[in-house]
Amino acid sequence: MIDDPEMSNALLPIGFRDLLPPYAQNEDEIVQWMIDAFSDYGYERVSPPLLEFEQSLLLHAGSGIAEQTFRVMDPETHYMMGLRPDITPQIARIAATRLVNSPRPLRLSYAGPCVLVSGAKHSAARQILQAGIELIGIDSPQADAEIIIVTAEAMGVEDLLPPISIDLMMPQLANSIIQTENFDEQQTKLLMRALDRKDVAAVQQYGGSLAGILTTMLQAAGPADRAIEMLKGLDLPADSQQLLDRLFTVVQAVKTHNPHLQLTIDPVEFRGWDYHTGLCFSVYMSGISGEVGRGGRYLSNNGEPACGLTLRPDLLLPLINDDDCFQRERVFIPFGYTIEEVRGLRQDGYILLMGLTEEEDALTEARRLNCNYILQDKELKAVAD
């Protein structure tokens, strides 16, 4: 029990928090860095609403977010509405409706808060922040590679963050191989479960004539170059080989643009990629448990091919050790100066703190407010400690 009524009023629901200075500003700066990077590569920003009708939010690609969606009734229409837990389905809706006549390929970016019914395994947060890109209207390895390349550019925040690694998957690959054998339903279930658990012994037990291929695929998981060398030697059915070749082509395209980007491959991973139709990827960063981003290829609401990736800027804040890394220098403006007189300082990038009373000791006030400079006789002078 909290006896102080003021503190009691400050309590928030589990998974929600106030973001205080300087962290709120740092988060804004990270998001803006990402959005600027997206914009530099032609991704135009859209901003869907936080709340929309359930029937549109959960349509097509949105069906996968139903369990994480808060519902409320619209008092105006009495229709059910949903608070978005993910922005990607909204982008698919916009592309298929309001931007259906825009030239393809369509490059869109977005950033904003989302609300989840329950937090993820690695984070209890139920209000999260997303920023991402979608490339809609083209199905090619080069499009897949572009999403990965631009993501890597957007994650290079002022050299303040560790480098990322990206894990590549083709969720349909294992199933396409298994479907070539006449396994009964139970054996297929056991085999898929063994692959999901990365259980080599169980794969060999239930894999039949495919045990050798599937075991090699399990053992190939790891750095992309090594994985490709192991996977190249497999004798696969034509459809499965086509999926694998697509993966190889994307890796080569990414390395051509960014040879230093760390890429890994997991050839048998499929969990959590239910509505995806091709290559998928997860983004990891040293110091953060779990993914900091994920995406892949899917079909937009009108059946258009699309590929995108969503990042979690809010997860990056603990990695920024310097609280002042994004802060601009502060200038104390003693009482009596007008906005007109100091506007040039703002244009030069300074933060201006205006004095409010003529009687205050300007230098003492400048120190108290952690200002770097004080304006005296229309000149900036450093504030000594």
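This one's a predicted model, so the numbers in the text were calculated from it and none came from an experiment.

S.K.: Give a description of the pattern of salt bridges that names residues and reports values.
M.R.: Enumeration over the complete set of coordinates arrives at 16 salt bridges. Across the salt bridge formed by R297 and D144, the nearest N and O atoms sit 2.7 Å from each other. One end of the pair, R297, is in strand 11 (residues 293-299); the other, D144, is in helix 5 (residues 141-154), with 153 residues separating them in the sequence. Like D144, R297 is buried. Sharing partners across several salt bridges, the network here consists of D139, D144, R246 and R297.

S.K.: A description of the pairing of strand 5 (residues 106-115) should follow, citing residues and the corresponding values.
M.R.: Buried residues dominate strand 5, accounting for 8 of its 10 residues. Where strand 1 (residues 44-45) and strand 5 come together, 2 bridges link them in parallel fashion. Residue pairing in the sheet places E44 in a bridge with L108 of strand 5. Sheet analysis places strand 5 next to strand 6 (residues 127-136), joined by 10 bridges and oriented antiparallel. Following the sheet pairing, A111 is matched in strand 6 by A131.

S.K.: Break down the environment of Q90 for me, with residues and values.
M.R.: Within the element layout of this structure, Q90 appears in helix 4 (residues 88-96). Along the backbone, Q90 and P48 are 42 residues apart, and their C-alpha atoms lie at a distance of 6.6 Å. Look past the residues within four positions of Q90 in its chain and what remains in contact with it is P48, P49, E52, L57 and R84. Here the side chain of Q90 touches E52 through a polar contact of 2.7 Å, side chain to side chain.

S.K.: Tell me about the sheet that holds strand 2 (residues 51-53), residues and numbers included.
M.R.: Neighbouring strands of a sheet are bound in pairs by backbone hydrogen bonds; such pairs are parallel or else antiparallel. With antiparallel pairing, the 3 strands of this open sheet are ordered in space as 2-4-3. The sheet is open, and its two borders are formed by strand 2 and strand 3 (70-73), each paired with just one other strand. Looking at each pair of strands side by side, their axes are set apart by 35° on average, direction ignored. Pairing analysis gives 3 bridges linking strand 2 to strand 4 (residues 80-83), with the strands arranged antiparallel. Bridging from a neighbouring strand, F53 pairs with M81 of strand 4.

S.K.: Report on helix 5, specifying residues and quantitative values.
M.R.: Its 14 residues place the ends of helix 5 20 Å apart at the C-alpha level, agreeing with the 20 Å of an ideal helix rising 1.5 Å per residue. For helix 5, the buried fraction is high: 12 of the 14 residues fall into the buried class. Among all positions in helix 5, only P141, A143, D144, A145, E146, I147, I148, I149, V150, T151, A152 and A154 are buried.

The rules behind these values
- Residues numbered from 1 in each chain as written.
- Predicted model: local features only at pLDDT ≥ 70, side-chain atom pairs only at ≥ 80, totals over all residues.
- Heavy atoms only, no water.
- Salt bridge = Lys/Arg side-chain N within 4 Å of Asp/Glu carboxyl O.
- Helix = DSSP H or I, 4+ residues; strand = E, 2+ residues; numbered from the N terminus.
- Buried < 20%, exposed > 50% of the residue type's maximum accessible area, 1.4 Å probe, protein only.
- Pairing = 2+ DSSP bridges.
- Contact = heavy atoms within 4.5 Å.
- Polar contact = N/O pair within 3.5 Å; in protein donor to acceptor, adjacent residues only side chain to side chain.
- Axes fitted to C-alpha atoms, helices over the stretch in contact; angles between N-to-C directions.
- Expected span 1.5 Å × (residues − 1).

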